[in-house]
Amino acid sequence: MDKALEELSAYRIEQAERCIKSAKVLLEDEDYKGAANRSYYAIFHCMRSVLALEGVDFSKHSGVSSYFRKNYIKTGIFDIGMSDIIKEAFDIRSDCDYDDYFVISISDVRQQIENAEMFFDVVLQYLKNK
């Protein structure tokens, strides 16, 4: 495997981990929209860390998630439930970022952070086995 691609993948999974840590800090500070945003980006960076090993990337978030779903979830490499996590995190992040009147509950934010942590753990295990 190409060393540069491995390093890029490692960098992206580190970004994902930092996003999870940031989400927890924002939750404690009662910035629920910010925490949801960071949870989504943790998942996004996880997907990009996997794609990096192939040398694949996209300029749009939809390209990343579509490729990840098609090549890693639909093929059975990752559990089908991860597709729902991606969609929910993206939808909530979009609502938080672009809908001025959207309100997210503390329980929904906690769920988003748990989902991001689970996603991270599964992807990290996959990367370790590569």
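Our structure's up above, just so we're on the same page.
Residues numbered from 1 in each chain as written. Predicted model: local features only at pLDDT ≥ 70, side-chain atom pairs only at ≥ 80, totals over all residues. Heavy atoms only, no water.

**Here we look at unusual backbone geometry**
Of note, Glu30 is a non-glycine position whose phi angle comes to about 65°, a positive value. Secondary-structure assignment places Glu30 in the loop between helix H1 (3–28) and helix H2 (32–52). (Helix = DSSP H or I, 4+ residues; strand = E, 2+ residues; numbered from the N terminus.)

**Topic: the packing of aromatic side chains**
For any pair of aromatic rings, geometry is given as the distance between the ring centres together with the angle between the planes. In the structure shown here, the tally under the stated rule is 11 aromatic pairs. The interplanar angle of 65° and the centroid separation of 5.8 Å between the aromatic rings of Tyr40 and Phe90 together place this pair among those described as edge-to-face. You can see Tyr40 sitting in helix H2 and its partner Phe90 sitting in helix H4 (residues 81–98), a full 50 residues away along the chain. Accessibility expressed as a relative area gives 3% for Tyr40, which makes it buried. Taking 5.9 Å as the distance between ring centres and 85° as the angle between the ring planes, the aromatic pair formed by Tyr41 and Phe44 counts as edge-to-face. Highlighted residues: Tyr41 and Phe44, both in helix H2, separated by three residues, approximately one helical turn. Take Tyr41 and Phe44: they sit in the same class, and that class is buried. Feature note: the residues Phe68, Tyr72, Phe78, Phe119 and Tyr126 constitute an aromatic cluster, connected by ring pairs. (Phe/Tyr/Trp six-rings, centres within 6.5 Å; stacked < 30°, edge-to-face > 60°. Buried < 20%, exposed > 50% of the residue type's maximum accessible area, 1.4 Å probe, protein only.)

**Side note on the environment of Lys3**
By the element assignment, Lys3 lies in helix H1. Given a relative accessible area of 55%, Lys3 falls into the exposed group. On a C-alpha basis, the gap between Lys3 and Leu53 in space is 9.4 Å, while along the polypeptide they are 50 residues apart.

**With respect to H2**
Counted at 1.5 Å a residue, the expected span for H2 with its 21 residues is 30 Å, and the 30 Å between its end C-alpha atoms agrees. For H2, a buried count of 18 out of 21 residues is recorded, marking the element as mostly surrounded by other parts of the structure. (Expected span 1.5 Å × (residues − 1).)

**Examining the pattern of salt bridges**
The full count for this structure, using the stated rule, is five salt bridges. In this structure, Asp57 and Arg12 form a salt bridge, with 3.2 Å as the shortest nitrogen-oxygen distance. Linking Asp57 in the loop between H2 and helix H3 (61–73) with Arg12 in helix H1, this pair joins segments that are 45 residues apart in sequence. Judged by relative accessible area, Asp57 falls into the partly exposed class, the value being 38%. We classify Arg12 as buried; its relative accessible area is 6%. Measuring nitrogen to oxygen at the nearest pair gives 2.5 Å for the salt bridge that ties Lys24 to Glu117. One end of the pair, Lys24, is in helix H1; the other, Glu117, is in helix H5 (residues 106–129), and 93 residues separate them in sequence. Accessibility expressed as a relative area gives 25% for Glu117, which makes it partly exposed. Several salt bridges converge on common partners, so that one network encompasses Arg12, Arg48 and Asp57. (Salt bridge = Lys/Arg side-chain N within 4 Å of Asp/Glu carboxyl O.)

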